[in-house]
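Fold and geometry: a report
These are the residues of each chain, in order.
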Amino acid sequence: QVQVVESGGGLVQTGGSLRLSCAASGTVFMFNAMGWYRQAPGKQRELVALITNTGSTNYADSVKGRFTISRENAENKVSLQMNSLKPDDTAVYYCKAVFAYSDYWGQGTQVTVSS
């Protein structure tokens, strides 16, 4: 059974930084892709950043130049470095891991950016 666990959320002031980490366990396979999504109150869940097992990345326009996703393939781990945070970045951040073309989600971690 694949499990996905996030860590690293919290409260930060505008302009600050946070680093989120995500680890997937319960499989011997390398992930096809892992990524971060977020959902703010009253809004739909949206993609923040995605990285494939070949290292290709994709970012939402709203975070380009501020957020960086990175991976540790050997351990099915990814991180999201978030800099220059804005109040609009406030949301619950979810990690998604794709193995054998099935999606596995973490429980989410809260990120709050105060103005």
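Before any of the text, the structure's been laid out above.
Because the structure is a prediction, the values reported are computed rather than measured. (Residues numbered from 1 in each chain as written. Predicted model: local features only at pLDDT ≥ 70, side-chain atom pairs only at ≥ 80, totals over all residues. Heavy atoms only, no water.)

**Some points on the pairing of strand β9 (residues 91-99)**
Short version of the rule: Categorising residues by exposure relies on relative accessible area from a 1.4 Å probe, with only protein chains included: less than 20% of the type maximum marks a residue as buried, more than 50% marks it as exposed, and the intermediate range marks it as partly exposed. Labels follow the DSSP assignment, with helices taken as runs of H or I lasting at least four residues and strands as runs of E lasting at least two, numbered in each case from the N terminus. Pairing between strands requires that DSSP locate at least two bridges from one strand to the other.
Counting buried residues along β9, 8 of its 9 residues qualify, which places the element largely inside the surrounding structure. Here strand β4 (residues 33-39) pairs with β9 via 7 bridges, running antiparallel. In the strand pairing of β9, alanine 33 is matched with valine 98. Two strands pair when backbone bridges link them, and β9 and strand β11 (residues 109-114) are joined in this way by 3 bridges, in the antiparallel orientation. Considered in β11, the bridge of tyrosine 93 is made with threonine 109. With 4 bridges joining them, β9 and strand β10 (residues 102-105) adopt antiparallel strand pairing. Within β10, the residue paired with phenylalanine 99 across the bridge is serine 102. Where β9 folds back on β10, the antiparallel hairpin that results is connected by 2 residues, among which alanine 100 adopts a positive phi of roughly 50°.

**Let's talk about the packing of aromatic side chains**
What counts, and what does not: When the centres of two rings from Phe, Tyr and Trp lie within 6.5 Å, Trp using its six-membered ring, the rings pair. Their planes under 30 degrees apart give stacked, over 60 give edge-to-face, and anything left gives tilted. For a ring to carry a charge above it, either NZ of a lysine or CZ of an arginine must fall within 6 Å of the ring centroid while also lying within 35 degrees of the normal to the ring plane.
For the structure shown, the criterion picks out 2 aromatic pairs. A centroid spacing of 5.0 Å and a plane angle of 65° characterise the contact between tyrosine 37 and tryptophan 105, whose relative ring orientation is edge-to-face. Placement of tyrosine 37 in strand β4 and of tryptophan 105 in strand β10 is noted, with a sequence separation of 68 residues between them. By relative accessible area, tyrosine 37 is classed as buried at 14%. The class for tryptophan 105 is partly exposed, based on a relative accessible area of 36%. Arginine 45 extends its terminal NZ or CZ atom over the ring of tyrosine 94, reaching a point 3.7 Å from the ring centre. Lying across the ring of tryptophan 105, arginine 45 places its NZ or CZ 4.7 Å from the centre.

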